[in-house]
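# Observations on chain architecture
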Amino acid sequence: MPITHILADMQRLHRAPEPDVILPLCGAARVDAAARGRITARAGGLLDELRAAQSSGWVNRFLQEYRLNTDEGIALLALAEAFLRVPDADTADLLIRDKLGTADWSAHAGKSDSTLVNGATWGLVVTRSLVGESGSTLKRLIGRVGEPVVRTAVGTAMRLMGQVFVMGRTIEEALERANDKDHTGFVASFDMLGEAARTRDDAERYFRAYADAIDAIGKGSKGRDHSISVKLSALHPRYETAHADTCVPELSAMLVELAERAAKADIGLTVDAEESERLVMSLDIIAAAARAPSLSGWDKLGMAVQAYSKRCRAVIAWADAIGGETNRKIAVRLVKGAYWDSEIKRTQEAGLSDYPLFTRKAATDVSYLACARDMLAAKNIYPAFASHNALTVATLLEWAGDRRDFEFQRLHGMGEGLHDRLVREGGYNCRIYAPVGGHRDLLAYLVRRLLENGANSSFVHQLADPNVTEEELLADPVEKIAAVGGTRHPSIPLPADLFGAVRGNSEGLDLQDAMTLEDTASAIAARADVGPAPADSTVADVHAAIAAANAAFEGWSRTPVETRAAALDRLADLLEEHRIELMALAVHEAGKTIGDAIGEVREAADFCRYYANQARAAFGPIELPGPTGESNTMHLEGRGVFACIAPWNFPLAIFLGQVTAALVAGNSVVAKPAPQTPRIALRAVALAHEAGIPKDVLKLVVGGAEPGNALTADPRVMGVAFTGSTGTAKAIARSLVADDARPIVPLIAETGGLNAMIVDSTALPEQVIADVVTSAFRSAGQRCSALRLLIVQEDVLDRTLEMLKGAMDTLVVGDPADPRTDVGPVIDDAAYRKLEDYRQSMKDCWVHTVGVPEGRFVAPTVIRLDRIEDLTKEWFGPILHVTTWKTGTLDETIARINRSGYGLTMGLHSRIASRCERTVASARVGNLYVNRSMIGAIVGSQPFGGEGLSGTGPKAGGPHYLPRFAVERTISIDTTSAGGNASLLSIEDVTL
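None of the values given here were measured: they were computed from a predicted structure.

### Section: the overall build of the chain
- Broken down by element type, the chain carries 36 helices and 25 strands.
- Expressed as a percentage of its 992 residues, the buried residues of the chain come to 57%.
- Once local pairs closer than 6 in sequence are excluded, the contacts in the chain between residues at least 24 apart make up 77%.
- Carbon and sulfur atoms provide 53% of the accessible area of the chain, an area that totals close to 39,400 Å².

### Description of the sheet that holds strand E13 (residues 698-700)
- On the basis of which strands lie adjacent, the open sheet formed by 5 strands has the order E13-E12-E11-E14-E15 and parallel pairing. Each edge of the open sheet is held by one strand with a lone partner, namely E13 and strand E15 (747-750). Neighbour-to-neighbour, the strand axes of this sheet turn through a mean angle of 15°, independent of strand direction.
- As paired strands, strand E11 (residues 641-645) and strand E12 (residues 668-672) are joined by 5 bridges and run parallel to one another. Looking at the pairing, Val 641 lines up with Ser 668 of E12.
- Sheet contacts for helix H29 (residues 705-713): E11, E12 and strand E14 (717-723); angle to E12, the most-contacted strand, approximately 155°.

### Some details on the environment of Ala 756
- You can see Ala 756 is positioned in strand E16 (residues 756-759).
- Discounting residues that sit within four places of it in the chain, Ala 756 has contacts with Leu 787, Leu 789, Ile 791, Ile 897, Thr 905, Met 906, Gly 907 and Met 934.

### What to know about the nonpolar core
- With 117 residues, the main nonpolar core has Phe 190, Leu 269 and Trp 318 as its most contacted residues.
- Those residues within four positions of Trp 318 in sequence are excluded, and the remaining contacts are Ile 3, Ile 6, Leu 7, Met 10, Leu 283, Ile 286, Ala 287 and Met 303.
- The next biggest cluster of nonpolar side chains, apart from the first, holds 67 residues, and it includes Ala 572, Ala 615, Phe 642 and Val 939.

### Describing the packing of helix H1 (residues 3-13) against helix H13 (residues 312-326)
- Direction vectors running N to C along H1 and H13 enclose 165°, while the axes themselves pass 9 Å from each other. Compared by their axis directions, H1 and H13 come out roughly antiparallel. Regarding H1 and H13, the two cross each other, and that crossing is left-handed. Taken together, the residues of H13 that come into contact with H1 (itself represented by Ile 3, Ile 6, Leu 7, Asp 9, Met 10 and Leu 13) are Ala 314, Val 315, Ala 317, Trp 318, Ala 321, Ile 322 and Glu 325.
- Considered class by class, the residues forming the contact of H1 with H13 number 11 nonpolar, no polar and 2 charged.

### Here we look at a negative patch on the surface
- Together, Asp 201, Glu 204, Asp 798, Glu 802 and Asp 809 give the surface a local cluster of negative charge.
- Secondary structure elements with two or more residues in the negative patch: helix H10 (200-220) and helix H32 (797-809).
- For the negative patch, the leading source of residues is H32, giving 3 residues.
- Relative to the elements of secondary structure, Asp 798 occurs in helix H32.

### Here's the deal with the pairing of strand E1 (residues 187-192)
- By the criterion of burial, E1 is predominantly enclosed, with 6 of the 6 residues buried.
- Burial of E1 is two-sided: the residues Val 187, Ser 189 and Asp 191 facing one way and the residues Ala 188, Phe 190 and Met 192 facing the other way are all buried.
- Of the pairings in the sheet, the one linking E1 to strand E2 (residues 227-230) comprises 3 bridges and is parallel in character. Its bridge partner lying in E2, Phe 190 is registered against Ile 228.

### Things to note about the packing of helix H22 (residues 514-525) against helix H25 (residues 579-590)
- Across the interface, H22 lies against H25 with an axial gap of 9 Å and an inter-helix angle of 65°. One finds that H22 runs roughly perpendicular with respect to H25. The element H22 and its partner H25 pack so that their crossing is right-handed. On the side of H22, the interface is formed by Thr 520, Ala 523, Ile 524 and Ala 525, while H25 contributes Ile 580, Met 583, Ala 584, Val 587 and His 588.
- Its residues placed into classes, the contact of H22 with H25 shows 7 nonpolar, 2 polar and no charged.

### Some thoughts on unusual backbone geometry
- The omega torsion of the bond from Gly 953 to Pro 954 falls at -5°, within 30 degrees of zero and hence cis.
- When you line up the elements, Pro 954 lands in the loop between strand E24 (947-948) and strand E25 (966-974).
- Residue Asn 931 is not a glycine yet carries a positive backbone phi of 55°.

### Brief notes about the pairing of strand E5 (residues 330-335)
- Counting buried positions along E5 yields 6 of 6 residues, so the element is predominantly enclosed.
- Residues Ile 330, Val 332 and Leu 334 point to one face of E5 and Ala 331, Arg 333 and Val 335 to the other, with burial holding for every one of them.
- Taken together, the 5 bridges between strand E4 (residues 301-306) and E5 define a ladder with parallel strand orientation. From the neighbouring strand, Ala 304 faces E5, where its bridge partner is Arg 333.
- Following the chain from E4 across H13 to the adjacent parallel E5, one finds a crossover that is right-handed.
- Across 5 bridges, E5 lies against strand E6 (residues 381-386) in parallel orientation. From the neighbouring strand, Val 332 faces E6, where its bridge partner is Pro 383.

### Things to note about the packing of aromatic side chains
- Evaluated as defined, the whole model comprises 11 aromatic pairs.
- Seen in terms of ring centroids, Phe 406 and Phe 408 are 5.5 Å apart; in terms of plane orientation they differ by 85°. Their pairing is edge-to-face.
- The class for Phe 406 is buried, based on a relative accessible area of 2%.
- Relative accessible area serves as the criterion here: at 2%, Phe 408 is assigned to the buried category.
- Through successive ring pairs, a cluster of aromatic residues spans Phe 607, Tyr 610, Tyr 611, Phe 642, Tyr 961 and Phe 965.
- The ring of Tyr 368 carries the charged tip of Lys 336 above its face, separated from the ring centre by 5.1 Å.

### A short note on the environment of Arg 404
- Relative to the helices and strands, Arg 404 is located in the loop between helix H16 (390-400) and strand E7 (407-411).
- Classification of Arg 404 as partly exposed rests on a relative accessible area of 32%.
- Residues Arg 404 and Asn 429, spaced 25 residues apart in sequence, show a C-alpha to C-alpha distance of 7.3 Å.
- In contact with Arg 404, other than residues within four places in its own chain, are Gly 426, Gly 427, Tyr 428 and Asn 429.
- A distance of 2.9 Å separates the side chain of Arg 404 from the backbone oxygen of Gly 426, its partner in a polar contact.

### Section: the side chain of Ser 775
- Tracing the chain through its elements places Ser 775 in helix H31 (residues 765-777).
- A polar contact is formed between the side chain of Ser 775 and the backbone nitrogen of Met 934, at a distance of 2.9 Å.

### Details of the sheet that holds E25
- The 3 strands lie next to each other as E9-E10-E25, forming an open sheet whose pairing is antiparallel. One side of each edge strand has no neighbouring strand; the edge strands of this open sheet are strand E9 (622-624) and E25. Averaged over all adjacent pairs, the angle separating strand axes in this sheet is 25°, with direction ignored.

### What to know about the pattern of salt bridges
- Counted by the stated rule, this structure contains 53 salt bridges.
- Between Lys 336 and Asp 365 there is a salt bridge; the shortest N-O distance is 3.0 Å. Separated by 29 residues along the polypeptide, Lys 336 in the loop between E5 and helix H14 (340-350) and Asp 365 in helix H15 (residues 361-377) bring together distant segments of the chain. Across this residue pair, the class does not change: Lys 336 and Asp 365 are buried.
- Residue Arg 788 is joined to Glu 874 by a salt bridge in which the shortest nitrogen-to-oxygen separation is 3.9 Å. Highlighted residues: Arg 788 in the loop between H31 and strand E17 (789-793) and Glu 874 in the loop between strand E19 (861-864) and strand E20 (879-885), separated in sequence by 86 residues.

### Structural notes on the confidence of the model for the chain
- A residue-level look at the chain finds 87% of positions with pLDDT of 70 or above and a mean pLDDT of 90.
- Throughout residues 133-146 the model reports pLDDT below 50, and contacts reaching past four residues in sequence, or to other chains, amount to 14 contacts.

### Description of the side chain of Ser 252
- Looking at the element boundaries, Ser 252 is found in helix H11 (residues 244-265).
- Residue classification places Ser 252 among the buried positions, given a relative accessible area of 10%.

### Quick word on H29
- Regarding H29, the residues found buried are Pro 707, Gly 708, Ala 710, Leu 711 and Thr 712.
- Of the surrounding elements, those touching the buried residues of H29 are helix H23 (539-558), E11, E12, E14 and helix H30 (726-736).

### Observations regarding the environment of His 689
- Here His 689 lies in helix H28 (residues 678-690).
- It is 9.8 Å that separates the C-alpha atoms of His 689 and Lys 699, two residues lying 10 residues apart in sequence.
- Non-local contacts of His 689, meaning those with residues more than four positions away in its chain, are made with Pro 694, Lys 695 and Leu 698.

Calculation criteria
By convention here, each chain's residues receive numbers from 1 onward along its written sequence. In keeping with the model being predicted, local features are shown solely for residues with a pLDDT of at least 70 and side-chain atom pairs are shown and tallied solely at 80 or more, while totals for entire chains, interfaces and linings include all residues. With hydrogens and water excluded, all non-hydrogen atoms of the structure serve as input to the side-chain values. Under the scheme used here, helices are H or I runs from DSSP no shorter than 4 residues and strands are E runs no shorter than 2 residues, and both carry numbers assigned from the N terminus. Each residue's exposure class comes from its accessible area (1.4 Å probe, protein chains only) as a fraction of the maximum for that residue type: buried when under 20%, exposed when over 50%, partly exposed otherwise. In this analysis, two residues are considered to be in contact whenever any of their non-hydrogen atoms come within 4.5 Å of each other. Methods summary: accessible areas were calculated by the Shrake-Rupley approach with a probe of 1.4 Å, and residue burial reflects only the protein chains presented. In this scheme, strands are said to pair when DSSP sees at least two bridges between them. Orientation is described by axes fitted as lines to C-alpha atoms, over the contacting stretch for helices, and by angles from 0 to 180 degrees between their N-to-C directions. Residues grouped as a nonpolar core are buried Ala, Val, Leu, Ile, Met, Phe, Trp, Tyr and Cys residues, joined through side-chain atoms within 4.5 Å. Should an angle fall under 35 degrees it is taken as roughly parallel, and over 145 as roughly antiparallel, whereas 65 to 115 is taken as roughly perpendicular and any remaining angle as oblique. Left-handed describes a crossing whose near helix is turned anticlockwise from the far helix through less than a right angle; right-handed describes the clockwise counterpart. Lys, Arg, Asp and Glu make up the charged group, whereas Ala, Val, Leu, Ile, Met, Phe, Trp, Tyr, Cys and Pro make up the nonpolar group; the residues left over, Gly among them, are polar. Two joining distances apply to patches: 9 Å for like charges and 5 Å for nonpolar side chains (Val, Leu, Ile, Met, Phe, Trp, Tyr), and every residue must have over 30% relative accessible area and no salt bridge. Here a salt bridge means any side-chain nitrogen of Lys or Arg lying within 4 Å of a carboxyl oxygen belonging to Asp or Glu. Asp and Glu are treated as the negative residues and Lys and Arg as the positive ones, with His and the ends of the chain left uncounted. Charged side chains are reduced to one point each, which is NZ for Lys, CZ for Arg, CG for Asp and CD for Glu. Call a crossover right-handed when, viewed with both strands pointing away from you, the route from the first strand across the helix to the second goes clockwise. Pairs were defined over the aromatic rings of Phe, Tyr and Trp, the Trp ring being its six-membered one, requiring ring centres within 6.5 Å. Orientation was assigned from the angle between planes: stacked under 30 degrees, edge-to-face over 60, tilted for the rest. Should the NZ of a Lys or the CZ of an Arg lie within 6 Å of a ring centre and within 35 degrees of the ring normal, that charge is described as sitting over the ring. The definition of a polar contact used here is a pair of N or O atoms within 3.5 Å, where within protein one atom must be able to donate a hydrogen and the other to accept one, and adjacent residues in sequence count solely through side-chain atom pairs. Per-residue confidence from the predictor is reported as pLDDT, a score between 0 and 100.

Rendered as structure tokens:
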């Protein structure tokens, strides 16, 4: 099949319904009854050998005893993930106490048949007695003297654990180990540890590590056919679809250079598989290397393919076609897949149509077998089958027959015993995937491998579970899938159904798909002319709008809540129907990037559907208890005319969030957008009217302070919803009580914050930097929740800042309509001058900044402060302040943040659960984010709003928001007034 047709097939399969993809694969994966019998018998023998290997060696037994379905196994994994990167003793001791001090280690005492495992368990029992909360004579005696001993012992244990999964700290050490007698008959594919480059320096360092490793492998293989695995994301910090025009050529050139080295050294080079969003780019890069004239005649270029991908079989066909085109064999490593959980989450968060992968483990097994059969039949593929599954291996042996022109692969430290006899007695080839790197660098890799292979559905986990029978282990995956009709796993809903009965999820755009991104960017660029802004409303216009809304209130208030809610549902549908138009307004009028613009439309639709369902549940009559002879009910009704005053930074989402909440609660509304963004508000109101909101029930006024003051001062306004500055909120509050004759009306205000993130030395630096850059600089820092103050434990400040500088240098500042742009302009000239004046006044304290083009672009800048208290004002732009805290002062640090008086958002990055608990207990903020970014609150999942100087509450997008827009009315009726309590008098006697 021509490559163009294969690529089209990949596009079709990418997010196709699961049954449409997996059921056709069942035919290729199915075997007849006779073959099934032979496969099962052989797999049974492999199981015996695998179990024997798993029960040998203290580490295998240790991991069996402390599996991931135990609290103790999880505690050990968490400790291994963080311990070796902690530079300070106090935090290390706290981490040990946190992870080991509460688990029930004594329950495992003496349970293993390994003396070493039992000895280690007793060590953990003693450790708990030393670090646990309860005092003991031994603990008091040892005191601080004992903690260094425990710390040293834990460090040694973590390094021993690392040695199991990492072949060597250097390529030379790894080669020596791979060439020793324990690995006789096996060869290795060395993987230089590095999950992904965050900075240009990272990428250069990883490239040099790969190049040096290739040279070392070529010189030190001692006649063995060792190879190297290369991760493209480690070679470029912006390996993203939006940057494909630059990263693909650059990565192609780097891969060709590395491949030329590998060809010269006569070793193989395999490109590792990555997340699905990078697949098409990776194929372009691999194709460039395959077609390079300098590599003609070299048959050791390879690629890894993930069987959980719906496109896997098409990728196999692509590899065969590329091999045929370039007259070479492509080595294909078939794996089950390494990013399953994160792919599921990303698809749900983005609101996409379907998943790019299979949701059932059995479906992945079927896909693996179907693809393996294709590989064995392909003319231009050298097959490599990476699996720890005995049934999979037995099936491949059945299909391969007498062939030996393929290889098996396994992870270093896992699956021992499955291939040993096949290699040493059967003459089969097996390659060990062998990570290389310092033990501190192995952490992310180690956790990923253990999670993949320790998950409840994995073969390795089930093999170690005594409750899983051999029959269950060897069950035919084809029959499993046929039995459920190839359907998706019932516990993994489609993104559209993620929130169940609460609301339908808004529909997203797959901006990681090149064609979708290009079409979206072109459509937005074509709508650059947003037309003239509407004229500002006069005071008379405002009074007229209020009068019309006031007159319309009674009729709208009496409209059934279901009718009001249905109008909001229709509005959500219209927002999605006109998505590109609204995104273009957000980009060209509000300066939002394309990614932020789709988020804006989705959030607005989410507000509509969420409040519609909330109103259906809350605005019906509520029966209340009382004495016999009475009927007591309560219900909610609208207050009257509500003024909704929205900001420019979320000109559609917050605007419609306020408006729709007020409307569905039974109020009429006069809405005023920010003076900078009237066009998108005008279009939103037109769509609301089209959805069925009467025109007099929803009126729009535009302009600045004059119409705003006239709106809030009018005594006919029965409530105000406002998002903006704290100063303006206070001015509105004063205006609402200035007239003694005016009723007391609610003010629902969401204002700014001095949002801080605390980072300790257990946090993963790469994750911290990604979340800091997102929180501080996305949307040009123009979010209420944006990170303003980064507070880093002093022990890791230098390392954190160095990484942060490098990550900032990769940011693209420019035209928000360009898909490559990360940071767009600030909203207007006044904001630019204010931010730039402050930024220049702090120049002596700059830690780092980046270059920007001409225009309203404020350079992302990090400013060093001596103390938390030095930040006294919210600077609404891409300016991040940084200071430090000492370990042992977490409570004091949180108290100092609280004393600012603001309470909107706070972040914490730590692997210590007790620190999280203390922060939750002490932080006086509306939204606390742990080990994630501080922006992007999701309607219904993370209701948003602050306290203190940051707002009044209740939270937008939360269960308590709508009642604030309503009045509560209780009705009590004496049902005996007509001549007696008939219901009581009619009760019959019951004889006991």
